[in-house]
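Structural overview
These are the residues of each chain, in order.
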Amino acid sequence: MHRLKAALQGLFCALLVLIAQPVLADWAVNMPRGVTQISNEVYELHMIIFWICVVIGVGVFGVMFASIYLHRKSRGVKPATFHESHTVEIIWTIIPFFILIAMAIPAAKMLIKMEDTRNADMTVKITGYQWMWGYEYVDQGVSLYSRLDNESNTVRQVKSGLDPKSVPNYLLNVDNQLVLPVGKKIRFLITANDVIHAWWVPDLAVKKDAIPGFVNEVWTKIDKEGIYRGQCAELCGKDHGFMPIVVKAVSEAEFKLWIEQQKNPTQIANASAPTSTVALNAATPQ
Ligand SMILES: [Cu+2]
């Protein structure tokens, strides 16, 4: 008994030390809360389900270990005789049935909410390619491709001899970000051009398969400006690990400005570098 007490005390102290370690401040095993209303609701739902599982786990294992300890042979306990008991079988069928129903109702409500793309303010078509993403702002007439950034791509090459730790956001950076306005309901139309990919950004709680020949719908409404990273979440080929997603959420005014810049790239180039205009004009046949 003393040994058990000492072991438990040791375990408790070890846990305290682990929790107190400042280096673990960033260390998290739980899913992120995210930056959309949906992502927060998904988090709450996840926690409810988690605690239901904890209660079930503690209950089942508690009864099991108590039975093993209290009804062990060395105590002279005689085996019970409820083998093939209908009452027990009915109880252990009905209880999980109601637990599953209790979990399925909020989960189904959540799924319906996530799929409801009606009354969107704008639409972005997302196409998965081996190995990059194509983004088309359907209402604005702007489209772009988004690939792994050059820095990560150089370092990732076999025998590059370069240190991945020297690259900030290694393998999670792209050349062209998906710029989106905050506070707007954005409908995503997701498809693929070759094989199955999946568009996944945890902070937005959006994860949807991109399947050739199909168009999947999902939506988001981002609450907070910032940069949110994700990855392709479907094994799609040898470079599956090298097609990250970067969403840049900006204010509506900034978004409009960015769209204008995308529509008239030469105008911006002219404004920022007048010398290049001369070169451009000279090169263009009159
Ligand atoms: Cu992919």
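All values derive from a computational prediction rather than experimental measurement.

Rules and cut-offs
Numbers given to residues run from 1 along each chain, matching the order in which its sequence is written. Only residues with pLDDT of at least 70 get local features here, since the model is predicted, and only at 80 or more are side-chain atom pairs given and counted; chain-wide, interface and lining totals rely on the full set of residues. Here the side-chain values reflect all heavy atoms present in the structure, with hydrogen atoms and water set aside. In this text, helices come from DSSP runs of H or I with a minimum length of four residues, and strands from runs of E with a minimum of two, each type numbered from the N-terminal end. Three exposure classes are used, based on accessible area relative to the maximum for each residue type with a 1.4 Å probe and protein chains only: buried under 20%, partly exposed in between, and exposed over 50%. Two residues qualify as a contact provided that any one of their heavy atoms is within 4.5 Å of a heavy atom in the partner residue. Values of accessible area rely on a 1.4 Å probe in the Shrake-Rupley scheme; residue burial ignores everything except the protein chains shown. Two strands make a pair as long as DSSP finds a minimum of two bridges between them. Every angle, taken between N-to-C directions, lies between 0 and 180 degrees, and every axis is a line fitted to C-alpha atoms, over only the stretch in contact when it is a helix. Excluding water, the donors of a metal are its N, O and S neighbours within 2.8 Å, or within 3.2 Å for Na, K and Ca, and that exclusion means sites may look incomplete. For four-coordinate sites, all angles between 85 and 135 degrees define a tetrahedron; for four- and six-coordinate sites, opposite donors beyond 155 degrees with the remaining angles between 65 and 115 define square planar and octahedral shapes respectively, and all other cases count as irregular. Note on definitions: salt bridges are taken to be side-chain nitrogens of Lys or Arg within 4 Å of carboxyl oxygens of Asp or Glu.

1. Description of the overall build of the protein chain
Looking only at helices and strands, one finds seven helices and ten strands in the protein chain. Counting across all 286 residues of the protein chain, residues that qualify as buried make up 28%. A sequence separation of at least 24 residues applies to 64% of the contacts in the protein chain between residues at least 6 apart. Carbon and sulfur atoms provide 63% of the accessible area of the protein chain, an area that totals close to 19,200 Å².

2. As for the sheet that holds strand E10 (residues 244-250)
Strands pair in a sheet through their backbones, by hydrogen bonds, and they do so in one of two ways: parallel or antiparallel. Taken together, five strands build an open sheet; the order of strands is E4-E10-E9-E6-E7 and the sheet is mixed. Here the strands that pair on one side only, and so sit at the sheet edges, are strand E4 (178-181) and strand E7 (206-210). Averaged over all neighbouring strand pairs, the angle between strand axes comes to 25 degrees, with direction disregarded. Taken together, the five bridges between strand E6 (residues 197-201) and E7 define a ladder with antiparallel strand orientation. Bridging across to E7, Trp199 finds its partner in Lys208.

3. Quick notes on the coordination of the copper ion
Distances from the copper ion to its protein donors, His197 (ND1), Cys232 (SG), Cys236 (SG) and Met243 (SD), fall at 2.0 to 2.5 Å. Around the copper ion sit four donor atoms; with metal-centred angles ranging over 97 to 126 degrees, the donor geometry is tetrahedral. Positions of the donor residues of the copper ion along the chain correspond to the pattern H-x34-C-x3-C-x6-M. Linking Cys232 in strand E9 (residues 226-232) with Met243 in the loop between E9 and E10, this pair joins segments that are eleven residues apart in sequence.

4. Some remarks on the pattern of salt bridges
This model, assessed by the stated rule, comprises nine salt bridges. Between Glu115 and Lys208 there is a salt bridge, with the nearest N and O atoms lying 2.7 Å from each other. Here the residue Glu115 occupies a position in helix H3 (residues 86-115), and Lys208 occupies one in strand E7, the gap between them amounting to 93 residues. Among the residues examined, Glu115 registers a relative accessible area of 39% and is labelled partly exposed. Across the pair Lys238 and Asp239 runs a salt bridge, and its minimum N-O distance is 3.4 Å. Look at the salt bridges and you will find they share partners, linking Arg156, Lys238 and Asp239 into a network.

5. Focus: the pairing of E10
Summarising burial for E10: six of the seven residues are buried, a large majority. Both E4 and E10 contribute to a ladder of four bridges, which runs parallel. Considered in E10, the bridge of Leu180 is made with Ala249. Bridging between E9 and E10 involves six bridges; their strand directions are antiparallel. Pairing of Tyr228 across the sheet is with Val247, part of E10.

6. Description of the environment of Arg229
Looking at the secondary structure, you find Arg229 in strand E9. C-alpha separation for the pair Arg229 and Asn169, spaced 60 residues apart in sequence, amounts to 9.3 Å. Setting aside residues up to four positions removed in sequence, Arg229 forms contacts with Asn169, Leu172, Asn173, Val201, Pro202, Ile245 and Val246.

7. A closer look at unusual backbone geometry
Cis peptide bonds are those with omega within 30 degrees of zero, and the linkage from Gln130 to Trp131 qualifies with 5 degrees. Checked against the element boundaries, Trp131 lands in the loop between strand E1 (122-129) and strand E2 (132-137). Positive phi outside glycine occurs at Asn119, with the angle close to 55 degrees. With respect to the helices, strands and loops of the structure, Asn119 is situated in the loop between H3 and E1. Accessibility expressed as a relative area gives 72% for Asn119, which makes it exposed.

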